[in-house]
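If you want the building blocks of each chain, they are given just below.
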Amino acid sequence: MFTRGSILGFRWAVLMIMAVAVTADSPYRFFEWNVTYGDIYPLGVRQQGILINGQFPGPDIYSVTNDNLIINVYNNLPEPFLISWNGIQQRKNSYEDGVYGTTCPIPPGKNFTYILQVKDQIGSFFYFPSLAFHKAAGGFGGIRVLSRPLIPVPFPQPAGDFTVLIGDWYKFDHKVLQAVLDRGHKLPFPHGILINGKGSSNAYFTVDQGKTYRFRISNVGLQNTLNFRIQGHKLQLVEVEGTHTIQSTYDSIDVHVGQSYSVLVTMDQPAQDFYIAVSTRFTSKVLYADAILHYDNSNKAVSGPIPGGPTIEIDYSLYQARSIRTNLTASGPRPNPQGSFHYGLVNITRTIKLVSSAAQVNGKQRYAVNSVSFVPADTPLKLADYFKIDGVFRVGSISDNPTGAKMYLDTSVMGADYRDFLEIVFENRENTMQSWHIDGYNFWVVGMDGGKWTPKSRNQYNLRDAVSRCTTQVYPKSWTAIYMSLDNVGLWNIRSEFWARQYLGQQFYLRVYTPSNSTRDEYRPPKNALLCGRAAGRST
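**Let's talk about the nonpolar core**
Here comes step 1: If you look at the biggest cluster of nonpolar residues, it comprises 67 residues, and the most contacted ones within it are F215 and L293.
Here comes step 2: Beyond its immediate sequence surroundings of up to four residues, F215 is in contact with F162, V164, F205, I230, Y261, S262, V263, V265, M267, I276 and L293.
Here comes step 3: Counting 27 residues, the second-largest nonpolar core is a separate cluster that includes W33, I71, W85 and V118.

**Some words on the environment of F128**
Here comes step 1: Position of F128 among the secondary structure elements: in strand β7 (residues 123-129).
Here comes step 2: You can call F128 buried: its relative accessible area is 1%.
Here comes step 3: Along the sequence, F128 and L82 sit 46 residues apart, while their C-alpha atoms lie 8.5 Å from each other.
Here comes step 4: Among all residues touching F128, those that are not within four sequence positions of it are L82, I83, S84, N86, K135, G139, F140, R495 and W499.

**A few points about helix α2 (residues 174-182)**
Here comes step 1: If you check which residues of α2 are buried, you get H174, L177, Q178, V180 and L181. Along α2, the residues classed as buried sweep out an arc of 155° about the axis, all on the same side.
Here comes step 2: Tucked inside the fold, the buried residues of α2 contact β1 (28-40), β2 (47-52) and α5 (499-503).

**Description of the sheet that holds β1**
Here comes step 1: Here we have four strands laid out as an open sheet, ordered β2-β1-β4-β6, and mixed in their pairing. Of all the strands in the sheet, the pair left with one neighbour each is β2 and β6 (111-117). Each neighbouring strand pair of the sheet contributes to a mean axis angle of 20°, computed without reference to strand direction.
Here comes step 2: Across eight bridges, β1 lies against strand β4 (residues 68-75) in parallel orientation. The residue bridging F30 from the neighbouring strand is I70, located in β4.

**Let's talk about the sheet that holds strand β5 (residues 83-86)**
Here comes step 1: With respect to topology, four strands assemble into an open sheet ordered β3-β8-β7-β5, the strand pairing being mixed. The open sheet has two free edges, formed respectively by β3 (61-64) and β5, since each of these has just one partner strand. Ignoring strand direction, the axes of neighbouring strands in this sheet form an average angle of 25°.

**Considering the side chain of S262**
Here comes step 1: You can see S262 is positioned in strand β18 (residues 260-266).
Here comes step 2: On the basis of relative accessibility, which here comes to 0%, the residue S262 falls in the buried class.
Here comes step 3: Discounting residues that sit within four places of it in the chain, S262 has contacts with S124, R214, F215, R216, Q236, L237, V238 and E239.

**A few points about unusual backbone geometry**
Peptide bonds are, in most cases, trans, and in most cases residues other than glycine have a negative phi.
Here comes step 1: The step from F56 to P57 runs through a cis peptide bond, and the omega angle for that step is -5°.
Here comes step 2: Relative to the helices and strands, P57 is located in the loop between β2 and β3.
Here comes step 3: The residue N66 is not glycine, and still its phi comes out positive at about 75°.
Here comes step 4: Mapped onto the elements of the fold, N66 is located in the loop between β3 and β4.
Here comes step 5: The phi angle at K388 is positive, at roughly 55°, despite the residue not being glycine.

Here is what the cut-offs are and how they apply
Here, residues in each chain are numbered from 1, in the same order as that chain's written sequence. Selection of residues for local features in this predicted model requires a pLDDT of at least 70, selection of side-chain atom pairs for listing and counting requires 80 or more, and totals for whole chains, interfaces and linings are taken over all residues. By convention in this description, side-chain values take in all heavy atoms of the structure and omit both hydrogens and water. Buried Ala, Val, Leu, Ile, Met, Phe, Trp, Tyr and Cys residues form a nonpolar core when they are joined through side-chain atoms within 4.5 Å. With a 1.4 Å probe rolled over the protein chains alone, any residue whose accessible area is under 20% of its type maximum counts as buried; one over 50% counts as exposed, and the rest are partly exposed. Residue contacts are defined here by distance: any two heavy atoms, one from each residue, within 4.5 Å place the two residues in contact. Under the scheme used here, helices are H or I runs from DSSP no shorter than 4 residues and strands are E runs no shorter than 2 residues, and both carry numbers assigned from the N terminus. The arc in question is the one spanned by the directions pointing from the helix axis to the C-beta atoms. Following DSSP output, two strands are said to pair if at least two bridges run between them. Convention adopted: a line fitted to C-alpha atoms gives each axis, helices being fitted over their contacting stretch, and angles between N-to-C directions are expressed from 0 to 180 degrees.

Written out as structure tokens, the structure reads:
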């Protein structure tokens, strides 16, 4: 346990670290989180869940552009623990990213203070536990980054702002699921869907008739695309992972694993209760869950069947994805201020083609990118790079293009130069839906289509108003192309958001390098950095 004296002493130490580690002219927000196991019953059976301050899901993080977030995490689990921040770019500071390739886990009974800045960002994101298979036990929560008061937002202030965390869920404890993967098997189909940590008809959202509300929807699940809809109401899309969008209206929205969307919903129906429905996409068996939208003056409970949604139709989802575009007239913070350059006019310096695959290696199920199935090293790669520790990883251990080689195991790291402008093509030759995330960056989703990508595919790119985001889907037997400006030095995780695939090797790290040793380009390791593996005993 942690005593009051130790907490106060640690706060003083953190204040000393902050004096040099964060931007002094931006506000600070302090959080203290106690991470424990506890009993949860989301699908009606008792499970071991990960709680933050006794909550499942964890508490929301509220912040404003450029705020400094000081998050002191006490690990009271009996095993190491890490939290990562999906969509928070950690500008010049990959040491705080909270994945094992950059950050040492928090040992049992110990604490670590993350020092983050939401530099030049707005939008809807989430945090989650990144180590082992903890994500299947909870420990996740919403992050919202509001615009500064003087920055205009391209829609009126909503009457309320809801976080909606949706995801597929198992009745099995996470350690059982991890053991299945460790034995070399695939996971079974999930048992259900949760909405804000609850099963069907247990989550409520109370609204006033005639008013408009913002719903920030994040898919924090393990593997399935989910369709979100509200009975009798339209969804007006306004923001995707930090980008204001053209405000198109939809009956429902597909939210792929790891993605976040903001929609405005006007309560323009008679005074009664309505279903909020969530269901799986592209699955032979369709899972459903519902929540209740409750008008404050309602005199009628929900009635009738839960509204149906699309099921296996890919064309519907692809058309919707292509319709999501950036609102070029909206103001907002960004590392690339509007007008400094336009992504469609920049010369590509390098094209990378990433092909996913699934196979057996040594009799066990594995997943790979360009034939390489990632295995963690004994030391976080970013610390090994900083301390120049040989033998931990090798830059260039994954190629820019598929080699056709048989799948093999390695600690895969791709090198890239600061200020390069990349074209990355994700090609999915399998019959499964896929979702890919890149830490440290947003990127422009310039194209997606069926079949194999060829240079002629560039003719259909959107080079004007493609959406900028950090997680993109790749449809079965299809490709997705992105543009990305390498303006953030560090070591960044590129991973499948299908968590079993990520756990069994479908990920790698991109080392964005500059020979400069200036803090103008990259910060030093934080003074309070945990040091483990071959970095133990060294000094930052």
